[in-house]
Structure formats: structure tokens, C-alpha cells
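Remarks on the overall topology
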Amino acid sequence: MSERAHEHRRRHGKRRTAAALTAALGLTGAALATDVMLQPAGAATAAAPAWPSATGTQAVPRTIAVSGTYDGSLKRFHGSGDLGGDGQEEGQDPVFKLADGATLKNVILGSPAADGVHCSGSCTIQNVWWEDVGEDAASFKGTAAGSVYTVYGGGARKASDKVFQFNGAGKLVITKFQVADFGKLVRSCGNCSKQYKRDIIVNDVDITAPGKSLVGINTNYGDTAALRSVRIHGDSSKKIKPCIRYTGNDDGDEPTETGSGPDGTYCRYSASDLSYD
């Protein structure tokens, strides 16, 4: 699927210990993203945690709007009716739409998953699992430079293109997440009609091949991506690109890839931040 077809619609403090990370789960989304900072480089490779079992199933014919906190108690939600399309059709509605400041937690997204989760502003997505990603797992759409989108725990698999689509402004922090069988983990929109500076932190995550890339950013808009404690499984030949740089645009054209790998400015990581098995 082309960037145009799929996307046109569409900074670190003190390090904390693992115990502090767990305690941070009770914080608001902005506080969680601020407090869950980069782990020390060179964490040992270990197997990804097991996926949870669903406690029940709920069909969702219309988008569920969330303000405040929605706790799904690890029930499986799947689209039906207008949300029942399968695959990656353009313009699908989400199963969950989060208002600015909202939290979605303890949810399993089954198939069909439509366009997953949309965040209208700062949001927290905690312990959410996508069994079979539809158009995207989640899209981040806030327009304020101070927006903070927090993904803590959870996982996604079977994403033929992007897992997280970053269309808006602000900072996306992904911690303790796992992904398998995917195209891109995160893409900063390469050709949205309104463009922003975007910062991405990927920290303490498990990546299982096959996959194409972890992060794609637009250097001409000042995007940054920081990677720490990334454990990559099943990719000893290192085909998955950790960070790809593009020149983005706002007119819908295909963005131009300009390079990949660490550069100290935009793609902020070193070889010791990645481990392979």
C-alpha cells in the first residue's frame, strides 16, 4: 500500500527502576510518558511475554467514544456492521475513539479491528492487544505541540503495513510493547495535508520478525526517534531497519527516503541499544 493512499487521510529525564515503572501505571497519560524514560542500553535479549486470553467477546457495530478511563477487563472487541470490514480498506472508523486525556486499558482487539484506536489528543493506551491489525492499530491525531501519547504494555501482530500511525503533533512513547509479523511499527505521516514536528521514543520492547522497519520519521519537519532496549527476535540477518529517515511533504506525494540508521540527530540510538536472537 502506498504512503499516499494510506497516509494522506491521515525529547529525557532521570531513568527509573523497573519498580518505578510499574508504579507509574497509576499515573495520568502525560505523567506516565514523562516518567517512563529510556532504559539503559544493552538489555539482555529475552523471550517476549505471553499474550493474554480473552475473558469474553463483544461485537462493536459503532465506534465506542472514550473520555476518562475505559477498562475492558481483557474482553475481546471486534468490529461488526459498519465496522465489520476486513483488511486495510481506506477511511475506516476506529473501534475506540479517545478524547484528549482519555485512557484505554485492558482491551483485546480481535478481527476485524477496523481502524483500531484513534487518539484525538493526549492519550494512554495501556495493556491493549491487537490480534490482527486492520488498517492501523492506533492513530495519533492531536494538534497541540504538547500532546503526549503513551503506549504501555500490550502488543500487536499481523500488521501488513503500519502498527502506529502518527499524524498529529507532539510525542509518542512506546514502552514494554511487543510486535510480530508487521510492516512498520511507527510511521510519522509522510504526506499529510497538515504536518508537524513529532518525537518518538521506543523503549523496552520486543520485536519479532518478519517486519520491515521500526520507525520512519521526517527530518525536514524536525522529527526525532530514540530507541533503547529493543530486543529483536528471529532477524539474525538484520533485515528490519530500526530507523528510516524521509523528506516528508504536505501535498500527498510519496515521501522521499533519504537514509537509515543512527545519525545522532534524528535517529538517536547505537548498536548497543539493539539485541538480536
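Computed from a predicted model, the values in this text were never measured in an experiment. Every chain's residues receive numbers from 1 upward, in the order its sequence appears when written. Reporting of local features is limited, given that this is a predicted model, to residues whose pLDDT is at least 70; pairs of side-chain atoms are given and counted only at 80 or more, and all residues count toward the totals for whole chains, interfaces and linings. The basis for every side-chain value is the complete set of non-hydrogen atoms in the structure, without hydrogens or water.

**Quick word on the overall build of the chain**
Under the scheme used here, helices are H or I runs from DSSP no shorter than 4 residues and strands are E runs no shorter than 2 residues, and both carry numbers assigned from the N terminus. Looking only at helices and strands, one finds 3 helices and 19 strands in the chain. Under the scheme applied here, a residue whose accessible area is under 20% of the maximum for its type counts as buried, over 50% as exposed, and between as partly exposed, the area being computed with a 1.4 Å probe on protein chains only. Scored against the burial criterion, the 277 residues of the chain give a buried share of 55%. Of the roughly 10,800 Å² of accessible surface on the chain, 49% is carried by carbon and sulfur atoms. Note on areas: Shrake-Rupley, 1.4 Å probe, and residue coverage restricted to the protein chains presented here.

**Looking at the state of the cysteines**
A pair of cysteine sulfur atoms is labelled a disulfide when the two atoms are within 2.5 Å. Applying the stated rule across the entire model yields 3 disulfides. Residue pairing for cysteine 119: its cysteine sulfur links by disulfide to cysteine 123, the two sulfurs lying 2.0 Å apart. Taking the sign of the torsion about the S-S bond as the criterion, the disulfide between cysteine 119 and cysteine 123, at about 90°, is right-handed. You can call cysteine 119 buried: its relative accessible area is 0%. Given the relative accessible area of 2%, cysteine 123 is considered buried.

**Quick word on the pairing of strand S14 (residues 213–218)**
With respect to burial, S14 is a largely interior element, 6 of its 6 residues being buried. In this structure, strand S12 (residues 178–188) lies alongside S14, joined through 3 bridges in parallel fashion. Across the sheet, residue lysine 184 finds its bridge partner in S14, namely serine 213. Here 5 bridges tie S14 to strand S16 (residues 241–247), and the two strands are oriented parallel to one another. We call two strands paired when DSSP finds no fewer than two bridges between them.

**Looking at the environment of glycine 211**
By the secondary structure assignment, glycine 211 is in the loop between strand S13 (198–208) and S14. Considering only alpha carbons, one finds glycine 211 and serine 160, 51 residues apart in sequence, at a separation of 8.9 Å. Throughout, a residue-residue contact means that at least one pair of heavy atoms, one from each residue, lies within 4.5 Å. Apart from the residues lying within four places of it in its own chain, the contact partners of glycine 211 are Phe182, Gly183 and Ile240.

**Some points on the packing of aromatic side chains**
Between rings of Phe, Tyr and Trp, where Trp is taken as its six-membered ring, a pair exists when centres lie within 6.5 Å; planes separated by under 30 degrees are stacked, by over 60 edge-to-face, and by other angles tilted. Inspection of the entire model under this criterion finds 11 aromatic pairs. Taken together, a centroid distance of 5.2 Å and an interplanar angle of 75° make the contact between phenylalanine 77 and phenylalanine 96 edge-to-face. Here the residue phenylalanine 77 occupies a position in strand S3 (residues 69–79), and phenylalanine 96 occupies one in strand S4 (residues 96–98), the gap between them amounting to 19 residues. Taking relative accessible area as the criterion, phenylalanine 96 reaches 0% and is therefore assigned buried. Linked through ring pairs, Trp130, Phe140, Tyr149, Phe164, Phe166 and Phe177 together constitute an aromatic cluster.

**A short note on the pairing of S12**
For S12, the tally of buried residues reaches 9 of 11 residues, placing the bulk of the element in the interior. Direction of pairing for strand S10 (residues 155–166) relative to S12: parallel, over a ladder of 8 bridges. Residue pairing for S12: alanine 159 is matched across the bridge by phenylalanine 182. The pairing of S12 with S13 spans 3 bridges and is classified as parallel. Among the inter-strand pairings, valine 179 is bridged to a residue of S13, identified as isoleucine 207.

**Some points on the side chain of asparagine 249**
Note that asparagine 249 resides in the loop between S16 and strand S17 (256–260). In contact with asparagine 249, other than residues within four places in its own chain, are Gly190, Asn191, Cys192, Gln195, Tyr221, Glu254 and Pro255.

**Things to note about the environment of threonine 175**
Tracing the chain through its elements places threonine 175 in strand S11 (residues 170–175). Between the alpha carbons of threonine 175 and glycine 153 there is a distance of 6.3 Å; along the sequence they are 22 residues apart.

**Structural notes on the nonpolar core**
Here, nonpolar core means buried Ala, Val, Leu, Ile, Met, Phe, Trp, Tyr and Cys residues that are tied together by side-chain atoms lying within 4.5 Å of each other. Core analysis: the largest hydrophobic core is formed by 53 residues, its most contacted members being Phe96, Ile125, Trp130, Phe140, Phe164 and Phe177. Here tryptophan 130 is in contact with Trp51, Leu109, Gly116, Val117, Ile125, Ala137, Ala138, Gly155, Ala156, Arg157, Phe164 and Phe177, once residues within four sequence places are set aside.

**Re unusual backbone geometry**
Residue proline 112 is bonded to the preceding serine 111 through a cis peptide linkage, with omega at 0°. Inspection of the secondary structure assignment puts proline 112 in the loop between strand S5 (102–109) and strand S6 (117–119). A positive phi angle, near 55°, is found at lysine 176, a position not held by glycine. In this fold, lysine 176 is placed in the loop between S11 and S12. A relative accessible area of 32% means that lysine 176 is categorised as partly exposed. Unlike most non-glycine residues, serine 229 shows phi in positive territory, near 50°. With respect to the helices, strands and loops of the structure, serine 229 is situated in strand S15 (residues 224–233).

**A closer look at a negative patch on the surface**
Patch construction takes residues with relative accessible area above 30% that form no salt bridge. Like charges are linked within 9 Å, and nonpolar side chains (Val, Leu, Ile, Met, Phe, Trp, Tyr) are linked within 5 Å. We define a salt bridge as a side-chain nitrogen of Lys or Arg found within 4 Å of a carboxyl oxygen belonging to Asp or Glu. Just so you know, the count uses Lys and Arg for positive and Asp and Glu for negative, and it drops His and the chain ends. Taken as the charge centre is NZ of Lys, CZ of Arg, CG of Asp or CD of Glu, depending on the residue. On the surface, Asp250, Asp251, Asp253 and Glu254 cluster together into a negatively charged patch. Of note, aspartate 251 is situated in the loop between S16 and S17.

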